[in-house]
Amino acid sequence: MLAILDYKAGNQTSVRRALDHLGIENQITSDPDLLASADGIIFPGVGAAGQAMDELSSGGLDEVLKSLIWQEKPLLGICVGCQILLDYCEENDTRTLAVIPGECRLFNPAWTEEDGTPIRVPHMGWNRVTLKKDCALFNDISPAAEFYFVHSYHPAPRPEFIIGETMYGENFCSVHGRTGLWAVQFHPEKSGAPGLKLLQNFHAYCLEAKNAQ
Amino acid sequence: MLSKRIIPCLDVRNGKLTKGVKFQGNVDIGDPVETARMYYEQGADEIVFYDITASSEGRGIFLDVVERVASQIFIPFSVGGGINSVSDMRAVLVAGAEKVSVNSGAVKNPDIISEGAAAFGSQCVVLGMDVKRVEKSAQIPSGFEVVIHGGRKYTGMDAIEWAKTGEALGAGEICLNSIDADGTKDGYDLELTRKVTKSVRIPVIASGGAGNPQHMADAFTQGKASAALIASIVHYGEYTIRQLKEHIAGQGVPMRTIW
């Protein structure tokens with residue numbers, strides 16, 4: 001079973017619908033015991049980082065999440081859930097979970113597209129991910145596949161945690177983390193077949209990790 | 001590089017897909033859920049649903065359509081029509097839409113944009129604008145006026161100013177519909193599109209007038225639109241979305257071509 005972390009700043013139902021479609025058992029929950037018994041956790045998020053952190057910490061979920069991450073519970077952060085795994089986010093000047101070193105920055109308005117026009121913010125729409133290292137999430141996904149993004153801030157982790165990059169004016173980090181603790185800036189639950197495949201890959205990893213124990 | 005988006009627009013009346021010309025003479029042309037799934041499989045980048053139902057009973061049917069769509073298609077979709085309050089917005093977002101489009105509701109009460117952005121994030125709030133060409137005047141210096149009620153009521157607002165206001169209030173995107181071009185299949189109003197894309201930094205969806213893939217390519221290259229809304233050119237089977245994309249990508253416009 002995959003747990004979808006329930007807090008007010010999430011897009012839990014979109015993730016649930018995608019997992020239901022894939023036939024992956026799942027539960028939307030904020031119960032620490034259920035989170036601990038799940039094969040893996042999906043940490044969704046939309047909206048602003050500040051509000052998301054407030055919601056997490058007011059219920060003590062920030063500490064629950066951190067402790068499960070230290071116990072190597074597989075976790076996939078999505079969008080704002082990807083950003084707040086870092087130390088700090090410029091949005092609302094927010095101290096975040098600090099499980100991956102780095103910060104999250106506003107897109108630089110001086111960046112320009114190939115034709116010289118300034119980039120539009122939010123970065124909204126479909127874009128590719130270029131992998132900088134192997135990542136099990138992307139097994140059997142074409143390098144030409146595109147994913148759906150919608151965000152105004154982008155992750156900037158310490159370089160050794162960068163897994164994938166995306167070009168928008170300049171390259172920014174769109175996938176970061178380490179094996180079993182992954183964060184994607186795009187929305188796999190809204191990225192058609194490649195996104196569904198990525199969720200399936202995450203589930204497959206969770207089952208392997210469980211069986212290896 | 002960010003791909004330009006192709007967005008089929010589905011007008012829904014009493015739970016049925018319908019298509020009108022200049023907001024007159026609507027005919028039912030199919031089931032919106034089935035049609036949405038077909039476009040998803042054909043490579044649509046996003047889908048827009050526009051509820052043109054007037055009754056509250058029809059509204060319930062529409063929300064049911066939204067829920068069924070959300071469980072079958074895994075790309076973003078937005079919903080517009082009859083959104084007049086934050087609770088209207090919440091209802092369609094809870095039903096599974098990613099974004100909600102406000103149009104005449106925002107003209108009457110611009111605060112709905114900032115309230116929606118605060119409650120759900122700017123990325124959720126699309127400002128839909130219906131625009132008509134008028135004589136340039138002190139009040140309408142651009143010669144493009146915002147209209148409501150399907151173009152029957154003039155608002156006295158300049159379209160360029162309204163786009164900037166919408167951006168400042170927190171809209172994450174603008175869907176810019178030319179009432180003059182809508183239904184003509186003569187191409188998008190490129191002058192209007194370029195004027196608005198030059199005036200704001202949020203993405204702009206060109207709408208109204210698409211008759212062939214070249215019109216769409218022009219909206220991207222000349223109008224600098226981030227996305228193009230289409231309706232009849234795909235609803236009647238004239239083109240598939242793949243055919244449109246292949247033509248447009250052939251001109252060097254970034255398109256998502258595998259899915």
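Structure shown above.
Owing to the predicted nature of the structure, the values given are computational and were not obtained by experimental measurement.

**Examining the overall build of chain A**
No. 1: Secondary structure assignment for chain A yields six helices and 14 strands.
No. 2: Dimensions of chain A, computed from the C-alpha atoms along their principal axes, are close to 50 × 40 × 30 Å.
No. 3: The proportion of buried residues among the 213 residues of chain A is 53%.
No. 4: Of all intrachain contacts in chain A linking residues separated by at least 6 positions in sequence, the fraction that spans at least 24 positions is 69%.

**Here we look at the overall build of chain B**
No. 1: In terms of helices and strands, chain B carries ten helices and twelve strands.
No. 2: Here the C-alpha radius of gyration of chain B, 17 Å, is about what a compact globule of 259 residues would show, namely 18 Å.
No. 3: Seen through its C-alpha atoms, chain B measures out along the principal axes to roughly 45 × 45 × 35 Å.
No. 4: Looking at chain B as a whole, 52% of its 259 residues qualify as buried.

**What to know about the environment of Trp 111 of chain A**
Residues and elements named next belong to chain A.
No. 1: In this fold, Trp 111 is placed in the loop between strand 7 (102-106) and strand 8 (123-128).
No. 2: For Trp 111, a count of 13 C-beta atoms within 10 Å puts it in the partly exposed group.
No. 3: Remark: the alpha-carbon pair of Trp 111 and Pro 188, spanning 77 residues in sequence, is separated by 26 Å.
No. 4: In contact with Trp 111, other than residues within four places in its own chain, are Ile 119, Gly 169 and Glu 170.

**Some words on the pairing of strand 9 (residues 153-158) of chain B**
All names here are of chain B.
No. 1: Pairing between strand 8 (residues 144-148) and strand 9: three bridges, direction antiparallel. Bridge pairing links Val 147 to Tyr 154 in strand 9.
No. 2: Hairpin remark: strand 8 followed by strand 9, antiparallel, with four residues in the connecting loop; positive phi at His 149, about 55°.

**As for the sheet that holds strand 3 (residues 40-43) of chain A**
Residues and elements named next belong to chain A.
No. 1: Strand order in the open sheet made by the eight strands is 2-1-3-4-14-13-12-9, with mixed pairing throughout. In this open sheet, the two edge strands, each paired with only one partner strand, are strand 2 (26-29) and strand 9 (130-131).
No. 2: Bridge analysis of strand 9 against strand 12 (residues 162-168) gives two bridges, and the strand direction is antiparallel. Residue pairing in the sheet places Leu 131 in a bridge with Gly 164 of strand 12.

**A closer look at the sheet that holds strand 5 (residues 88-89) of chain A**
No. 1: Here we have four strands laid out as an open sheet, ordered 6-5-7-11 (chain A), and mixed in their pairing. The open sheet terminates on both sides in strands that have one partner only, identified here as strand 6 (94-95) and strand 11 (153-157) of chain A.

**Thoughts on the pairing of strand 11 of chain A**
In the case of a regular strand, side chains alternate between the two sheet surfaces.
All names here are of chain A.
No. 1: Here strand 11 lies mainly inside the structure; four of its five residues are buried.
No. 2: As paired elements, strand 7 and strand 11 share five bridges and run antiparallel to each other. Note that in strand 11 the partner of Arg 105 across the bridge is His 154.

**Brief notes about helix 6 (residues 192-212) of chain A**
All names here are of chain A.
No. 1: The end-to-end C-alpha distance of helix 6 is 31 Å, a good match for the 30 Å that 21 residues give at a rise of 1.5 Å each.
No. 2: Gly 192, Pro 194, Gly 195, Lys 197, Leu 198, Leu 199, Asn 201, Phe 202, His 203, Tyr 205 and Cys 206 are the residues of helix 6 that are buried.
No. 3: Packing partners of the buried residues in helix 6 comprise strand 1 (2-5), helix 1 (12-22), strand 3, strand 4 (75-78) and strand 10 (146-151).

**Describing the interface of chain B and chain A**
No. 1: The interface is formed by 25 residues belonging to chain B together with 31 residues belonging to chain A.
No. 2: Residue classes in the side of chain B that touches chain A are distributed as eleven nonpolar, seven polar and seven charged.

**Comments concerning unusual backbone geometry**
Residues and elements named next belong to chain A.
No. 1: Residue Val 121 is joined to Pro 122 through a cis peptide bond whose omega torsion reads 10°.
No. 2: Mapping Pro 122 onto the fold places it in the loop between strand 7 and strand 8.
No. 3: Of note in this structure, Asp 93 is not a glycine but carries a positive phi near 50°.
No. 4: Mapped onto the secondary structure, Asp 93 falls in the loop between strand 5 and strand 6.
No. 5: C-beta crowding within 10 Å serves as the criterion here: with 9 such atoms nearby, Asp 93 is assigned to the exposed category.
No. 6: Phi is positive for Ala 98, which is not a glycine, with a value near 60°.
No. 7: One can find Ala 98 in the loop between strand 6 and strand 7.
No. 8: Since 14 C-beta atoms lie within 10 Å of it, Ala 98 is described here as partly exposed.

About the criteria used
- Residues numbered from 1 in each chain as written.
- Chains lettered and ligands numbered in written order.
- Predicted model: local features only at pLDDT ≥ 70, side-chain atom pairs only at ≥ 80, totals over all residues.
- Helix = DSSP H or I, 4+ residues; strand = E, 2+ residues; numbered from the N terminus.
- Buried ≥ 20, exposed ≤ 12 C-beta atoms within 10 Å, placed from the backbone.
- Contact = placed C-beta atoms within 7 Å.
- Rg over C-alpha atoms; globule rule 2.2 N^0.38 Å.
- Pairing = 2+ DSSP bridges.
- Expected span 1.5 Å × (residues − 1).
- Nonpolar A, V, L, I, M, F, W, Y, C, P; charged D, E, K, R; others polar.

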